[in-house]
Amino acid sequence: MAKPLALAFDVPETTGGDEDSLEPSPYEESEVHDSFHQLIQEQSLRVAEEGLELLSLGPGRGDQTLPRPEGAPVLSTATLRILASMPSRTIGRSRGAIISQYYNRTVRLRRRSSRPLLGNVVRSARPSLRLYDLELDPTILEEDEKRSLLVKELQGLSVAQRDHMVRNMPLSLGEKRWLREKSWSPKVKRRDQQGRRRGAFSCCSRLRYTCMLALHSLGLALLSGLYAARPWRYALKQIGGQFGSSVLSYFLFLKTLLAFNTLMLLPLLAFLVGVQAAFPPDPAGPVPTFSGLELLTGGGWFTHTVMYYGYYSNTTLRQSCASAREGGLCSPRLGSLPYNMPLAYLFTVGAAFFITCIVLVYSMSHSFGESYRVGSTKGIHALTVFCSWDYKVTQKRASRVQQDSIRTQLKELLAEWQLRKRPRSVCGQLRQVVVLGLGWLLCLGSTVGCTVAVLTFSETMIQRPASGGQGLEMLALPLVVSVLNLVASYLFRGLAALERHDSPVLEVYMAICRNLILKMAVLGVLCYHWLGRRVAALQDQCWEDFVGQELYRFMVVDFIFVLLDSLFGELVWRLISEKKLKTGQKPEFDIARNVLDLIYGQTLTWLGVLFSPLLPAVQILRLLLLFYIKKTSLIANCQAPGRPWLASHMTTVFLTLLCFPSFLGAAVFLCYAVWQVRPSSTCGPFRTLNTMYEAGTVWVRRLEHAGSGASWLPWLHHFLVENTFFLFLVSALLL
């Protein structure tokens, strides 16, 4: 066995008392900090020539194997070279080399002398970074001597330079702490010891530090608890590892929708719901008791709460009001703060929509930049193959998740590569075009049929007298729409199976387009039904409450159908496949239909936020339940896609669909309701106005008559709100 080689670093001494007092400049300190990186780079460049350091190899060693202990596998030089370069083989074994290198560089800089580079030293005299432990080497005494000399050199530096150098050393925290303590000057140590003996900290200081540490610990505990309470803390890694990035994109999109709804709900709660709850209006009639049926219909007791538009008053709220409220106004007191509820209602909803629009556009552009970034490392698969397995995790559960993720990623990369190498004949392409044309004709015909059915049934519902939204018959229209959406989605899925697309990505995009056309057409008919027909039929009633209740019922019924689809479409099919058919084939997760269900539910939320300010809270609860239900059903009842594919652009596509058809359509619907439709004369904050938009105009007129102190607000309202050029300019910039 080869004898361990001693490490010797010859540092020439120079004379001159003035040079010893010179301190290294910041540029020279950066050179010291880069020395360890240079040392590793020099070792890595020659690792192919050295193999194992303590063994001499003969000529022709390119493909030969090296002797190993008895019973160990025989590995080639290339394999050993890769293994030796892994972080787990190098970290923790180069402490002596680090200290020696820092000492020699520091001495050279302080004494202004030069020494030969490490690359010119004989290879056998270089410090080893791999394959043997320095702690068992006899040169450990020399290592201690180098460490003590390094401590002396650090003591000669200033406090700021010493802390900066120790902080940037590639050493463990224990080594850094030891060097910092040893490099203190004797005066500092003596002062610290005297302070400890005399009790430098008084009782008040100790109490203050104890309280600060307690608060800091409490904050860390709360942050840890909040992090652990997130539903996607571990589930996203598990889903991505077992089912791939395509299924993971659905749950990431669901997480994004949660953030959007939370961002919209915060201003509504702060400036609208909370203020009206603090100043409740007088009840117009007897308040019904809560029966539980309101959870389905949305009417009854909910109508007399801050849930709907009709509960909000058209008064100017103040801190103190008189008992009598004739005329809808509060008698002011000295120093009271007026709060115009109609103006607050209009501007809060508008601000919430504007903030959501800005965040949505930013998220879409950011996702586009991440998905189509030029110069990305997506094509460098060698990192995944050779280095990803050395992921340095300690828990068995985390190791299993990382292993599944790497395996699934490799499957997706290989499937994408094989798909590009698979050509198709001219006859096959012609047959595919014909089948696609017939499939699209059938899909468009089904969409037209569903739209006509919804329009006919809605006209039938108008002929019936409204029952105040308290009976189960009000669920008829949402049930019909949900059944048509479910049947049409399964029809589109069957057509996709007959078309036999070569690319699974193209198949998903086709399904998304067909389901999107169906849902947007149905929602267009419903918007005409609400603002065109129901407003005329409910002139003497609060039609805003009816529209809000209708949208609430649509969300509840759609959620029930999603649960039934997960139960019968996934659970029952798995049981039949395992118990009866004995095939063991589980259903695959339908990404297109589930994503369109999320977009459909979010569109309903945006359509109804003007008539039900708490509808985003209902959507948040719905999304949280959907996350847990879909995750449980996916893991228990579904299998990974039979044809894996890399969903690198799916998040961008989902956000684009959410922005343009969904958000833009909801914005047009609400703008038409604010600018054109006459509000109800019996309820709501705009009951005395011709349009909701007039609330801002009336407020501006009052400011103009109040005096010149607020003259800039009417000017701002005129140029930013009433001027159409500015609105078109902002829309163009957002687009």
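Analysis parameters
- Residue numbers restart at each chain and count upward from 1, following the sequence in its written direction.
- Only residues with pLDDT of at least 70 get local features here, since the model is predicted, and only at 80 or more are side-chain atom pairs given and counted; chain-wide, interface and lining totals rely on the full set of residues.
- The side-chain numbers reported here are obtained from all heavy atoms of the structure, hydrogens and water having been left aside.
- UniProt positions are given in the numbering used here, feature names are shortened, and annotations may be inferred rather than shown by experiment.
- For the purposes of this entry, the term helix denotes a DSSP run of H or I that reaches at least four residues, the term strand denotes a run of E that reaches at least two, and both are numbered from the N terminus.
- Buried, partly exposed and exposed residues are distinguished by accessible area as a fraction of the type maximum, computed with a 1.4 Å probe on protein chains only: under 20%, between the cut-offs, and over 50%, respectively.
- Should any heavy atoms of two residues lie within 4.5 Å, those residues are considered in contact.
- Each accessible area is a Shrake-Rupley estimate made with a 1.4 Å probe; only the visible protein chains count as cover when residues are assessed.
- Note on aromatic pairs: the rings of Phe, Tyr and Trp (six-membered ring only in Trp) are paired at centre separations within 6.5 Å, and the planes decide the class, stacked below 30 degrees, edge-to-face beyond 60, tilted for the rest.
- Should the NZ of a Lys or the CZ of an Arg lie within 6 Å of a ring centre and within 35 degrees of the ring normal, that charge is described as sitting over the ring.
- Here an axis means a line fitted to C-alpha atoms, over the contact stretch when the element is a helix, while the angle between two N-to-C directions is reported on a 0 to 180 degree scale.
- When describing relative orientation, an angle under 35 degrees is termed roughly parallel and one over 145 degrees roughly antiparallel, while 65 to 115 degrees is termed roughly perpendicular and anything else oblique.
- In this scheme, a crossing is called left-handed if the near helix is turned counterclockwise away from the far one by less than a right angle; it is called right-handed if the turn is clockwise.
- The residue classification treats Ala, Val, Leu, Ile, Met, Phe, Trp, Tyr, Cys and Pro as nonpolar and Asp, Glu, Lys and Arg as charged. All others, Gly included, are polar.
- The set of buried Ala, Val, Leu, Ile, Met, Phe, Trp, Tyr and Cys residues whose side-chain atoms join them within 4.5 Å is what this entry labels a nonpolar core.
- Like-charged residues are merged into a patch within 9 Å and nonpolar side chains (Val, Leu, Ile, Met, Phe, Trp, Tyr) within 5 Å, provided each residue has over 30% relative accessible area and no salt bridge.
- Each salt bridge in this description consists of a side-chain nitrogen of Lys or Arg and a carboxyl oxygen of Asp or Glu lying within 4 Å of one another.
- Confidence of the prediction at every residue is given by pLDDT, a number between 0 and 100.
- To estimate the expected span of a helix, count its residues, drop one, and scale the result by 1.5 Å.
- The bend reported for a residue corresponds to the angle between axes fitted to the seven residues ending at that residue and the seven starting there.

- Labelled according to an unreviewed UniProt entry, the protein chain appears under the name Transmembrane channel-like protein, originating from Rattus norvegicus.
- Entered under Subcellular location (unreviewed entry) in the UniProt record, the comment concerning the protein chain runs "Membrane".
- For the record of the protein chain, the UniProt heading Sequence similarities (unreviewed entry) holds the text "Belongs to the TMC family."

## Here's the deal with the overall build of the protein chain
- In terms of helices and strands, the protein chain carries 27 helices and 2 strands.
- For the protein chain, buried positions account for 41% of its 735 residues.
- Within the protein chain, contacts between residues separated by at least 24 positions form 78% of all contacts whose residues are at least 6 apart in sequence.
- Accessible area of the protein chain: about 40200 Å², with a carbon and sulfur share of 63%.

## Focus: the packing of aromatic side chains
- With the rule as written, the count across this model stands at 22 aromatic pairs.
- Each ring, one from Phe251 and one from Phe627, has its centre 5.6 Å from the other, and the planes form 85°; the classification is edge-to-face. Of this pair, Phe251 sits in helix 13 (residues 235–278) while Phe627 sits in helix 23 (residues 615–637), and the two are 376 residues apart along the sequence.
- The exposure class assigned to Phe251 is buried, which follows from its relative accessible area of 0%.
- Taking the ring centre of Trp178 as reference, the NZ or CZ of Arg147 above it sits at 5.4 Å.

## Describing the packing of helix 19 (residues 476–499) against helix 21 (residues 543–580)
- Between helix 19 and helix 21, the least distance of the axes is 9 Å, while the angle of their chain directions is 40°. With respect to helix 21, the axis of helix 19 lies oblique. With respect to the hand of their crossing, helix 19 and helix 21 are arranged in right-handed fashion. Here Leu477, Pro478, Leu479, Val481, Ser482, Val483, Leu486 and Tyr490 of helix 19 lie close against helix 21, whose contacting residues are Glu550, Arg553, Phe554, Val557, Asp558, Phe561, Asp565 and Gly569.

## Regarding the environment of Val525
- Position of Val525 relative to the elements: it lies in helix 20 (residues 504–537).
- Non-local contacts of Val525, meaning those with residues more than four positions away in its chain, are made with Thr451, Val454 and Leu455.

## Examining the packing of helix 19 against helix 20
- With their axes 10 Å apart at the nearest point, helix 19 and helix 20 run at an angle of 160° to one another. Comparing their axes, helix 20 and helix 19 come out roughly antiparallel. The handedness of the crossing between helix 19 and helix 20 is right-handed. On helix 20, the residues that touch Leu477, Val481, Asn485, Ala488, Ser489, Phe492, Leu495, Ala496 and Glu499 of helix 19 are Glu507, Arg514, Asn515, Leu518, Lys519, Val522, Leu526 and His529.
- Classifying every residue of the contact of helix 19 with helix 20 gives 9 nonpolar, 4 polar and 4 charged.

## Digging into the side chain of Ser458
- You can see Ser458 is positioned in helix 18 (residues 426–463).
- Those residues in contact with Ser458 that sit more than four places away from it in its chain are Leu477 and His529.

## So, the nonpolar core
- The biggest cluster of nonpolar side chains holds 114 residues, and the ones touching the most others in it are Phe253 and Leu610.
- Considering each element in turn, this core owes the most residues, 19 residues, to helix 13.
- Beyond its immediate chain neighbours, meaning those up to four positions away, Leu610 contacts Tyr309, Tyr345, Val349, Leu670, Ala673, Val674 and Met692.
- Leu150, Met165, Met169 and Leu171 belong to the second-largest nonpolar core, a separate cluster that totals 9 residues.

## So, a nonpolar patch on the surface
- Residues Trp712, Trp715, Leu716, Phe719, Leu720, Phe725, Phe726, Leu727, Leu729 and Leu733 make up a contiguous nonpolar surface patch of roughly 1000 Å² in combined accessible area.
- Listing elements by their share of the nonpolar patch, those giving two or more residues are helix 26 (712–722) and helix 27 (724–734).
- Take Leu733: it is sitting in helix 27.

## Remarks on unusual backbone geometry
- The phi dihedral of Arg500 is positive, around 55°, even though this residue is not glycine.
- Checked against the element boundaries, Arg500 lands in the loop between helix 19 and helix 20.

## With respect to the pattern of salt bridges
- Applying the stated rule across the entire model yields 10 salt bridges.
- Across the pair Arg493 and Asp590 runs a salt bridge, and its minimum N-O distance is 3.8 Å. Separated by 97 residues along the polypeptide, Arg493 in helix 19 and Asp590 in the loop between helix 21 and helix 22 (591–608) bring together distant segments of the chain.
- Here Asp597 ties to Lys519 by a salt bridge, and the two come within 3.5 Å at their closest N and O atoms. Of this pair, Asp597 sits in helix 22 while Lys519 sits in helix 20, placing them 78 residues apart in sequence. Here Asp597 and Lys519 have matching classes, each one buried.

## So, the confidence of the model for the protein chain
- Confidence along the protein chain averages 76 in pLDDT terms, with 69% of residues attaining 70 or more.
- Below pLDDT 50 for its whole length, residues 1–27 participates in 43 contacts with residues either more than four positions away or in separate chains.

## Topic: helix 20
- Here helix 20 spans 48 Å end to end across 34 residues, near enough to the 50 Å set by a 1.5 Å rise per residue.
- The largest bend in helix 20 comes to about 30°, at His529.

## A short note on helix 24 (residues 650–675)
- Given a rise of 1.5 Å per residue, 26 residues ought to cover 38 Å, and the 36 Å separating the end C-alpha atoms of helix 24 matches this to within 8%.
- When the local axis directions of helix 24 are compared, the greatest deviation, roughly 30°, occurs at Cys659, which is followed within four positions by the proline Pro661.

## Notes on the environment of Gly584
- Residue placement: Gly584 occurs in the loop between helix 21 and helix 22.
- On a C-alpha basis, the gap between Gly584 and Arg574 in space is 7.9 Å, while along the polypeptide they are 10 residues apart.

## A word on the environment of Asp282
- Locating Asp282 in the fold gives a position in the loop between helix 13 and helix 14 (294–297).
- Assessed through its relative accessible area of 55%, Asp282 is described here as exposed.
- For the pair Asp282 and Ser313, spaced 31 residues apart in sequence, the C-alpha separation works out to 9.4 Å.

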